[in-house]
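# Structural description and commentary
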Amino acid sequence: MDFGLTQTQKLIRTSAREFLADRSGPATVRAVADGDTEVAANLWMDVVELGWPALTVSEQHGGAGLSFSDLAVLLEELGATLAPVPVAESAITARILERFGQDALKAELLPQIADGDVLITPAIVGRDASWDAHNTGTVANRTGSGLVITGEARFVSFANQATHALTLVNTDDDQFAMVVVPIWKSPGVEQIPLNHASGTPVYSLTFNEVEAPTSNIVATGTEAVAAAAELVATGSVARATQLAGLARAVVDSTVEYTAGRQQFGRPVGSFQAVQHHLAEMAIAAKQVNHLAHAAAWSFSQDGYSVDRAARAKIAASEKIADLCWTAHQCHGAIGFTWEHNLHLYTRRALAWKTDFGDAAFHKAILASAMGL
Amino acid sequence: MRFDFTPEESDFRRKLSAFLDGALPADWHGPADESRDDHWALNQQIKKGLADRGWFVMSWPTEYGGADSSPMMNTIFAEEMAYRRAPGHDRFGTRMLGPTLMRFGSDSQRAEHLGAIARGEVQWCQGYSEPNSGSDLASLQTRAVLDGDNFIVNGAKIWTSLAHRADMMFMLVRTDPDAAPHKGISLLLVDMKTPGIQVLPIINMAGVHSFNQVVFDDVRVPQANLVGDLNDGWRVGMTVLNFERSGIDYAAWARAALEELVDYVKNDDSLVSTVKTNPEVRGKLASLNTEIEAARLLCYDVAWRQGQGEVPSAEASISKVAGTEIYAKVLDYGTELLGMYGALEPGSEQAELQGNFLKMRLFATSGPILAGTNEIQKNIIAQRGLNLPRAPRR
């Protein structure tokens, strides 16, 4: 057991904090939440410049070859600042490619992902909003040269900035395929912007006979289902880690507010009722933080721990939005205003309760892992 | 960051577990009830077995017969003992008084007591709480007045676990009634056979004689039994409490209980096995598993920080709150899941899982109360951990 950061992780944290404090302040977060795609695109360009998309891509394919545990340190900081950048999306799809893809596809895409020229976002949820790996909203016909895809993928993060979507399709031979679909200015792809409480760009994609070459197929059959399940698990741990960072930031800002706000001639944070709210928030934040990093660490090994991944998102989904509601109670009326930034965190926490599977979804997975 | 154990730690856990396989009766379910002679004998036997293997005081420095083991190893020791509900982990002597004597005791006190503790030959109990001093411990009133070479002690201690089995007590007494509450307290070592000491049993709500009231009537305690300086007992005595505040026992008890419950639900012969396919039941069991793992990680975090030379105060409080809360929750759910059987007392005809879930649930009421109530722990978390301002003192 080691709850400390490695030298590399310390470096990641320090540089992330510096950059994000400077470049992803509340004004940026609000602009992106209001739909300013230019601000989001500029921020992403700077993030690419820093090399963050390359962090976990293997060295063999032009990345830095760092572990998922190292990435988690960055994700925590992104969560703490609500940074609207698709670092998690890029890292998890790259990881699935790396683990399931054919060598040629990896050699083609991974170096471009590391360079930021390619951004692949997960698109595996259909109209029924289910994260089940056997469910998909898209079908595909096999042709001599590849797949022709029709259907709908909903709740796709950063689809407007992505060059590709990683999609699970139902093929006409009654099989599943996981495939990298080009979506950047692709004929037949329509993007419908959603107004999502996370404050990040989220879209629904409709595919109307969109072609993906055979070489873009990552996995088929049960392998594709396994890849989809792992994609969801990886994404859920990324979200849990971001939510852990978010929780830390909310605890910190609530401490700062209640220690300063005076009523009855003393800081409201000196009242036991308020202190106990904050103590409970601190406990929840630490629990999610530990579970998330323990899960992320398991991804640094071969494969990952199904149990740890499920626990991370169960705890994050169950605790962090509640933590935010308690923060509102501690802030009193000022926290109820549009002007105060707290609701940005609350919205994100609320939106991500369900992203990559809600608590009930992951409890079902954990229950099975427990032999139930 | 890493979340696995070193080979040395895993090896130790395996060895301890194998020792307990042999030391505990084959049908052992616990929990131990030390007021029963057979359980007390088992307690003594296991203590000796642990001492023979060098584990009983492995947390101590080598110069006192310990192994100078890391806080993580000590946590694993406590966890494994609790997970098996094994008696014989003597916190009072090995974890509280021992380290206190090493730091504050006189040479003769160390010579007299440390060896006996290390060999598992002596049972200590802790005389802190009083009928009118619980969370507000510094208000304690038991008086000790110096008379020649002896203190004369008068007063009463309460909620004293194992006083009915103890040879010795370390106790806080008021030695200067005129000083501020924290400044007039001293720590004394008292032989429980001294004339004037009366141990009155208190039966807890689970029906077990686990603690006592101890009355002191002109009890003569040699001046040489004062630990540290006169009137410095608050500081000396708080060292003890730093060792007391951890959630690892509770997290381990919770894990054992949940596993028992899951096994029970999975077993086709179980009377309530039909609940296995109920998604709500599956979800609830998964949720408890998650909370237990979180509590466990919080305890490992405390151990890791101690290993880094920190004195993690708020973190220890967090682990205590999380551990005690999840333990009660698991037992709550266990009694609920057992349906009508959940209401059967141990020993009842037709009781399932020995009626243990009910008994343990009743017992677990004490977790959030003892060793500093969880409300006090939350004050510590807020004030020491988050640096929130203290309430003005009246």
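Here the structure is a predicted model, which means the values were calculated and not measured. The residue numbers shown here count from 1 along each chain, following its written sequence. Think of it this way: whatever chain is written first is A, whatever ligand is written first is 1, and the rest follow in order. Since the coordinates come from a predicted model, pLDDT governs what is reported: local features require at least 70, and pairs of side-chain atoms require 80 or more to be given and counted, while whole-chain, interface and lining totals use all residues.

### Thoughts on the overall build of chain B
- Helix and strand definitions follow DSSP, with helices as H or I runs of at least four residues and strands as E runs of at least two, each counted in order from the N terminus. Across its full length, chain B holds 11 helices and 8 strands.
- The C-alpha atoms of chain B give a radius of gyration of 22 Å, which matches the 21 Å a tight globule of 394 residues would have.
- Over its C-alpha atoms, taken along the principal directions, chain B stretches across nearly 70 × 50 × 50 Å.
- Between the buried cut of 20 or more and the exposed cut of 12 or fewer other C-beta atoms within 10 Å of a residue's own C-beta lies the partly exposed class, and all C-beta atoms are placed from the backbone. Relative to its full complement of 394 residues, chain B shows a buried share of 49%.
- Here the analysis covers contacts within chain B between residues at least 6 apart in sequence; of these, 70% occur between residues at least 24 apart. For the radius of gyration, the atoms used are the C-alpha atoms, and the globule rule reads 2.2 Å times the number of residues raised to 0.38. For every residue pair, C-beta atoms are placed from the backbone, and the pair is scored as a contact if these atoms sit within 7 Å.

### Topic: the overall build of chain A
- In terms of regular secondary structure, chain A is built from 11 helices and 10 strands.
- Dimensions of chain A, computed from the C-alpha atoms along their principal axes, are close to 80 × 45 × 40 Å.
- Residue pairs in contact within chain A that sit at least 24 positions apart in sequence constitute 73% of those at least 6 positions apart.

### Considering the interface of chain B and chain A
- Counting residues at the interface gives 38 residues for chain B, matched by 38 residues for chain A.
- Listing elements by their share of the side of chain B that touches chain A, those giving two or more residues are helix H7 (248-266), helix H8 (279-307), helix H9 (313-337) and helix H11 (374-385) of chain B.
- The biggest single contributor to the side of chain B that touches chain A is H8(B), with 15 residues.
- Gly is placed with the polar residues, together with every amino acid not listed as nonpolar (Ala, Val, Leu, Ile, Met, Phe, Trp, Tyr, Cys and Pro) or charged (Asp, Glu, Lys and Arg). Its residues assigned to classes, the side of chain B that touches chain A comprises 24 nonpolar, 6 polar and 8 charged.

### Digging into the pairing of strand E4 (residues 168-174) of chain B
All names here are of chain B.
- Within E4, 7 of the 7 residues are buried, leaving the element largely enclosed by the surrounding structure.
- Going residue by residue along E4, you find Met168, Phe170, Leu172 and Arg174 tucked away on one face and Met169, Met171 and Val173 tucked away on the opposite face as well.
- When DSSP finds two or more bridges between two strands, those strands count as paired. Bridge analysis of E4 against strand E5 (residues 185-191) gives 7 bridges, and the strand direction is antiparallel. For Leu172, the partnering residue across the bridge sits in E5 and is Leu187.

### Digging into the environment of Gln102(A)
- Within the secondary structure layout, Gln102(A) lies in the loop between helix H5 (87-100) and helix H6 (103-115).
- As for Gln102(A) and Arg348(A), which are separated by 246 residues in sequence, their C-alpha atoms are 36 Å apart.

### Examining the pairing of strand E7 (residues 202-213) of chain A
All names here are of chain A.
- With 9 bridges connecting them, strand E3 (residues 146-157) and E7 associate as antiparallel partners. Among the inter-strand pairings, Gly151 is bridged to a residue of E7, identified as Phe207.
- Relative to E7, strand E6 (residues 189-194) runs antiparallel, the two sharing 6 bridges. Bridge pairing in E7 places Gln191 opposite Leu205.

### Overview of the confidence of the model for chain B
- Values of pLDDT, the confidence the predictor places in each residue, fall between 0 and 100. Confidence along chain B averages 94 in pLDDT terms, with 98% of residues attaining 70 or more.
- As scored by the predictor, the complex reaches a pTM of 0.93 and an ipTM of 0.91.

### As for the packing of helix H3 (residues 71-83) of chain B against H7(B)
All names here are of chain B.
- H7 packs onto H3 with a crossing angle of 40° between their chain directions and a minimal axis gap of 8 Å. Comparing the axis directions of H3 and H7 gives the class oblique. Regarding H3 and H7, the two cross each other, and that crossing is right-handed. Residues Thr75, Ala78, Glu79, Ala82 and Tyr83 of H3 form the contact with H7, whose own contacting residues are Ile248, Asp249, Ala252, Trp253, Arg255 and Ala256.
- Each residue belonging to the contact of H3 with H7 can be placed in one class, and the counts come to 7 nonpolar, 1 polar and 3 charged. Axis lines are fitted through C-alpha atoms, for helices just across the contact stretch, and the angle between N-to-C directions can take any value from 0 to 180 degrees. Note on angle classes: values under 35 degrees are labelled roughly parallel, values over 145 roughly antiparallel, values of 65 to 115 roughly perpendicular, and the remainder oblique. Note: crossing handedness is left-handed where the near helix turns anticlockwise from the far helix by less than a right angle, and right-handed where it turns clockwise.

### Things to note about the domain arrangement of chain A
All names here are of chain A.
- Either an automatic procedure or a domain database provided the assignment from which the domain bounds are taken. Each assigned domain of chain A is listed here: domain 1 (7-115), domain 2 (120-220) and domain 3 (224-369).
- Placing a centre on the C-alpha atoms of domain 2 and another on those of domain 3 gives a separation of 29 Å.
- On the domain 3 side, the residues contacting the 17 residues of domain 2 number 17 residues.
- Sorting the residues of the side of domain 2 that touches domain 3 by element identifies strand E4 (164-171), strand E5 (175-182) and strand E8 (217-220) as the ones contributing at least two each.
- Considered class by class, the residues forming the side of domain 2 that touches domain 3 number 12 nonpolar, 5 polar and no charged.

### Examining unusual backbone geometry
All names here are of chain B.
- Put simply, Gly30 and Pro31 share a cis peptide bond, and its omega is -10°.
- Its location among the elements puts Pro31 in the loop between helix H1 (7-23) and helix H2 (37-52).
- Within the chain, Asp68 stands out as a residue other than glycine whose phi angle is a positive 55°.
- Tracing the sequence through the fold places Asp68 in the loop between H2 and H3.

### Section: the nonpolar core
- Here a nonpolar core is just a set of buried residues of the types Ala, Val, Leu, Ile, Met, Phe, Trp, Tyr and Cys, joined wherever their C-beta atoms sit within 7 Å. In this structure, Ala165(A), Ala247(A), Val288(A), Ala292(A) and Ala254(B) are the most contacted members of the largest nonpolar core, which totals 242 residues.
- Contact partners of Ala292(A), with chain neighbours within four places excluded, come to Ala72(A), Val237(A), Ala240(A), Thr241(A), Ala244(A), Ala312(A) and Ala316(A).

### Quick word on the packing of H1(B) against H3(B)
All names here are of chain B.
- Two elements in contact, H1 and H3, have axes separated by 10 Å at closest approach and are oriented at 30°. Between H1 and H3, the angle falls in the class roughly parallel. Crossing geometry of H1 relative to H3 is assigned as right-handed. Along the contact surface, H1 presents Glu9, Phe12, Arg13, Leu16 and Ser17, while H3 presents Met72, Met73, Ile76, Phe77 and Glu80.
- Looking at the contact of H1 with H3, its residues break down into 6 nonpolar, 1 polar and 3 charged.

### Thoughts on helix H3 (residues 37-50) of chain A
Residues and elements named next belong to chain A.
- Here a helix's expected span is defined as the number of its residues, less one, multiplied by 1.5 Å. Taking 1.5 Å per residue, 14 residues should reach 20 Å; H3 reaches 20 Å between its end C-alpha atoms and fits that length.
- Turning to H3, its buried residues are Ala40, Leu43, Trp44 and Val47. Around the axis of H3, the buried residues are gathered within 100° of arc, so they sit on the same side. Away from its buried face, by an angle of more than 90 degrees, H3 presents the exposed residues Glu38, Met45 and Glu49.
- Against the buried residues of H3 lie helix H1 (7-23), helix H2 (26-33) and H5.
- Positive phi appears at Gly51, one or two residues downstream of H3, with a value of about 85°. Working definition: the arc comes from the directions between the helix axis and the C-beta atoms, pointing outward to the latter.

### Some words on H6(A)
All names here are of chain A.
- The terminal C-alpha atoms of H6, which comprises 13 residues, lie 18 Å apart, in line with the 18 Å expected from a rise of 1.5 Å per residue.
- To get the bend at a residue, fit one axis to the 7 residues ending there and another to the 7 starting there, then take the angle between the axes. Along its length, H6 reaches its greatest deviation from straightness, about 25°, at Leu109, and the proline Pro111 lies no more than four positions downstream.
- When we look at burial in H6, the residues that qualify are Lys106, Leu109, Leu110, Ile113 and Ala114.
- Backbone geometry just downstream of H6 places Gly116 in the positive-phi region, at approximately 85°.

### What to know about the environment of Trp60(B)
- Along the chain, Trp60(B) turns up in the loop between H2 and H3.
- Trp60(B) has contacts with Gly65(B), Gly66(B), Gly98(B) and Ala118(B), leaving out every residue within four places of it along the chain.

### Focus: the domain arrangement of chain B
Residues and elements named next belong to chain B.
- Assigned domains within chain B: domain 1 (7-89), domain 2 (124-241) and domain 3 (245-385).
- Look at where the C-alpha atoms of domain 1 and domain 3 centre, and you get two points 21 Å apart.
- Taken together, the contact pairs 11 residues of domain 1 with 16 residues of domain 3.
- When grouped by side-chain class, the residues that make up the side of domain 1 that touches domain 3 number 6 nonpolar, 3 polar and 2 charged.

### Considerations on the environment of Phe19(B)
Residues and elements named next belong to chain B.
- Mapped onto the fold, Phe19 is located in helix H1.
- Accessibility expressed as a C-beta count within 10 Å gives 18 for Phe19, which makes it partly exposed.
- As for Phe19 and Gly342, which are separated by 323 residues in sequence, their C-alpha atoms are 32 Å apart.
- For Phe19, the residues in contact, after removing those within four places along its chain, are Gly49 and Arg53.

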